[in-house]
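# Understanding the architecture of this molecule
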Amino acid sequence: MTTVYLDGVGIEAPGLRTWDQARPVLTGEKPFHFEKKTYQVATLIPENERRRASDTIHIAVNVADEAVNNAKVNPELLINVFSSYRGALKIVSHICNSLTLPGHPVSPTQFHNSVYNSPAAYWSIATQTKGPSTSLACAEDSFSAALLSAAACVFTHEQGVLLVMYDVESPKPFDKKYAIDFNCGIALILMPSESENTLAKLDIDFEPRKSEEMDIGLNPDLVKLINGNASAQPLRILSAIANKDSCEIFYDYLETSTVVVRVEPCN
Amino acid sequence: MKPLIVSKFTLTSAVGYGLKDLEEALLNQRSGLRACDLDFVSIDTYIGRVKEIEANPVVDRLKKFDCRNNRLAQLALRQDGFEQSVEDAIIRYGSGRIGLFLGTSTSGILQTEMAYQNRDSATGDLPETFNYKETQNNFSVAAFIQKYFKLKGPALVISTACSSSAKVFAEASRFIESGFCDAAIVGGVDSLCMTTLYGFSSLDLVSSKACRPADEDRDGLSLAEAGGYALLEKPENCDSQDNIAFLGYGESSDAYHMTSPQPDGRGMADSMEMALESSGLNANQISYVNLHGTATETNDKAEDKAMIKVFGSSTPCSSTKGWIGHTLGAAGVAEAIICGICLKNNFIPGSLNTDSLDPGFDSNVILENRTEKLTYVLSNSFGFGGNNCSLIFGVHS
């Protein structure tokens, strides 16, 4: 088991535009309105790179920036862990379409944006962070894997981690069979020790067995978000924090195993 | 980091299946690169192609995973008794205590490229037979290997372009130190596809000849495919002697540019320095550095500067991409395994295809194979977006 302290959150999802705006929605004080918006342009990215950036990059950089600001940490001191179920599928789709055309024209910009670690790379360029940066994938269970990876970094290096999840609407023709209907990005700052900015203590463990446990009392609207976009999975932890609910959350991991997160919100 | 034993390893690349072919090719300076003969690509370039991938489909219960990348993953797994070593490890540790960490850059994207050639002309739909999740999705290769062995431990794919399968060693070390698993299968699989060939070509980074790392006339890389794996265990769980040990890792970001390395090699040097720190070794204890050495103008130049900063001008170094090409997401593990062979044979590979060393280079690039007692070696892997990783290996006695 590994303990980390959640010090900051960034969020961009339908009806949940920022962490401050999301908190009263997660507690039920304010109603949830499923409202799809196009992504915000990430002005943090230098203009030269910004022109070339794609939706996944803008979303990932924006939520990362919000989380870093909320946690009041220096991003240069953090290890970056980025993860996504689909990555830059929209760009892959563009490229695969171009490859059917005479001469197989591939745009150099699209090619480098199609690389799975491009959001993490744009973030490091935008913030001049020069430390370790990992982009990892685990299909629908990408958050489970990313959370373990982040916890392992915090434990091993005794350093804070910026964990960023992002997935965007499916492009055509993937929208029929492999639909994601909305954009979602969530970033968490996970630290090795408690600070005045700590929102919750998280004990994270891996269990090589399937869990039958279910979340209790999760808002059905949020369940729809979580089921509709793998990168919305952190909402289960964030809902517990907003509601000051000490609980255990059981994340599926590859049909065979579970990542267990014991959440202890701070006052 | 706490040292880990590389108790088994295997590599399948353009020079052949498994370690015997690799060792023979390295010792005899036999390159696996050849003029591009893929029927789906028409570019004047050289490639490193694995023979007869096409003839080795994934069948039966796992046939949904069938694609070029997973065929290569399966083919590579079946060499050198690696499959049996995994089965033995499952008995010793339990299927829930073995982690699986694989690297790839493009996964089974060729399958999507082919699906796009066969879209329904009226609706634009992809063919019914196309399985996105099991083939092109970045996790596909780990899902395939996990199901192949019925593993239940932590599993993930790292995709940081050309450093992907170097970083899996670091990731496995962290997971083992954190207690999330007791042993790990690490590896990397990347296969030739249109996206990388036409993509790198659009950036003017592919050579029309076999790549010539560190050569004054170098003009780009030779794209290639490979699949390789290593089994990592704690020393106390291994009884055999003279094993290769994984001793340190460094990871850094250039924070400079999406496709060009920082010209002064600072990020690359950071990565090597962090690896030395992680292993507790000094630069002068490293007997050989296996360079990232892609044979592009900018990579080799920046890496030379980084080498000088960290090691000075005497530590022998070379790129082995003249043998197997640039295998992208498999390059990290491929070159880690080449380092293993160098350590076992006490041999330094001379930079193949390099006729005339760039006169602007100051590092000690070795041009001819030589025999020399090796104690510790370092391997570099640097990816797009300035994602750097360096690994240190040694002989564990």
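The coordinates are above.
One structure accompanies this document, and this report is about it. (Residues numbered from 1 in each chain as written. Chains lettered and ligands numbered in written order. Predicted model: local features only at pLDDT ≥ 70, side-chain atom pairs only at ≥ 80, totals over all residues. Heavy atoms only, no water.)

Bringing the overall build of chain A into the picture now. Assigned secondary structure in chain A consists of 10 helices and eight strands. For chain A, the spread of C-alpha atoms along the three principal axes comes to 60 × 40 × 40 Å. The buried share of chain A, taken over its 267 residues, is 63%. Once local pairs closer than 6 in sequence are excluded, the contacts in chain A between residues at least 24 apart make up 71%. Carbon and sulfur atoms make up 46% of the accessible area of chain A, which totals about 10100 Å². Here chain A contributes 22 positively and 32 negatively charged side chains, and the mean placements of these two sets differ by 7 Å. (Helix = DSSP H or I, 4+ residues; strand = E, 2+ residues; numbered from the N terminus. Buried < 20%, exposed > 50% of the residue type's maximum accessible area, 1.4 Å probe, protein only. Contact = heavy atoms within 4.5 Å. Areas by Shrake-Rupley, 256 points an atom, 1.4 Å probe, with all protein chains shown as cover. Lys, Arg positive; Asp, Glu negative; His and termini not counted. Charge placed at Lys NZ, Arg CZ, Asp CG, Glu CD.)

Moving on, we come to helix H12 (residues 331-345) of chain B. All names here are of chain B. Taking 1.5 Å of rise per residue, the 15 residues of H12 would be expected to cover 21 Å, and the 21 Å separating its terminal C-alpha atoms lies within 8% of that figure. Among the 15 residues of H12, 13 are classified as buried, and the element is accordingly described as predominantly covered. Just beyond H12, the residue with positive phi is Asn-346, at close to 45°. (Expected span 1.5 Å × (residues − 1).)

Residues and elements named next belong to chain A. Within strand E8 (residues 257-265), seven of the nine residues are buried, which leaves the element mostly enclosed by the surrounding structure. Alignment of strand E6 (residues 200-207) against E8, held across eight bridges, turns out to be antiparallel. The partner of Asp-205 across the bridge, within E8, is Val-260. Relative to E8, strand E7 (residues 247-253) is paired through seven bridges, and the arrangement is antiparallel. The residue bridging Glu-248 from the neighbouring strand is Arg-262, located in E8. Linking E7 to E8, which pair antiparallel, is a turn of three residues; within it Leu-254 sits at a positive phi near 60°. (Pairing = 2+ DSSP bridges.)

Residues and elements named next belong to chain B. Tallied over the entire structure, the rule returns 29 salt bridges over all chains. In this structure, the salt-bridge partner of Arg-212 is Asp-219, at a minimum N-O distance of 3.2 Å. When its relative accessible area of 12% is taken as the criterion, Arg-212 is described as buried. Overall, the relative accessible area of 34% leaves Asp-219 in the partly exposed class. Across the pair Glu-335 and Lys-321 runs a salt bridge, and its minimum N-O distance is 2.8 Å. (Salt bridge = Lys/Arg side-chain N within 4 Å of Asp/Glu carboxyl O.)

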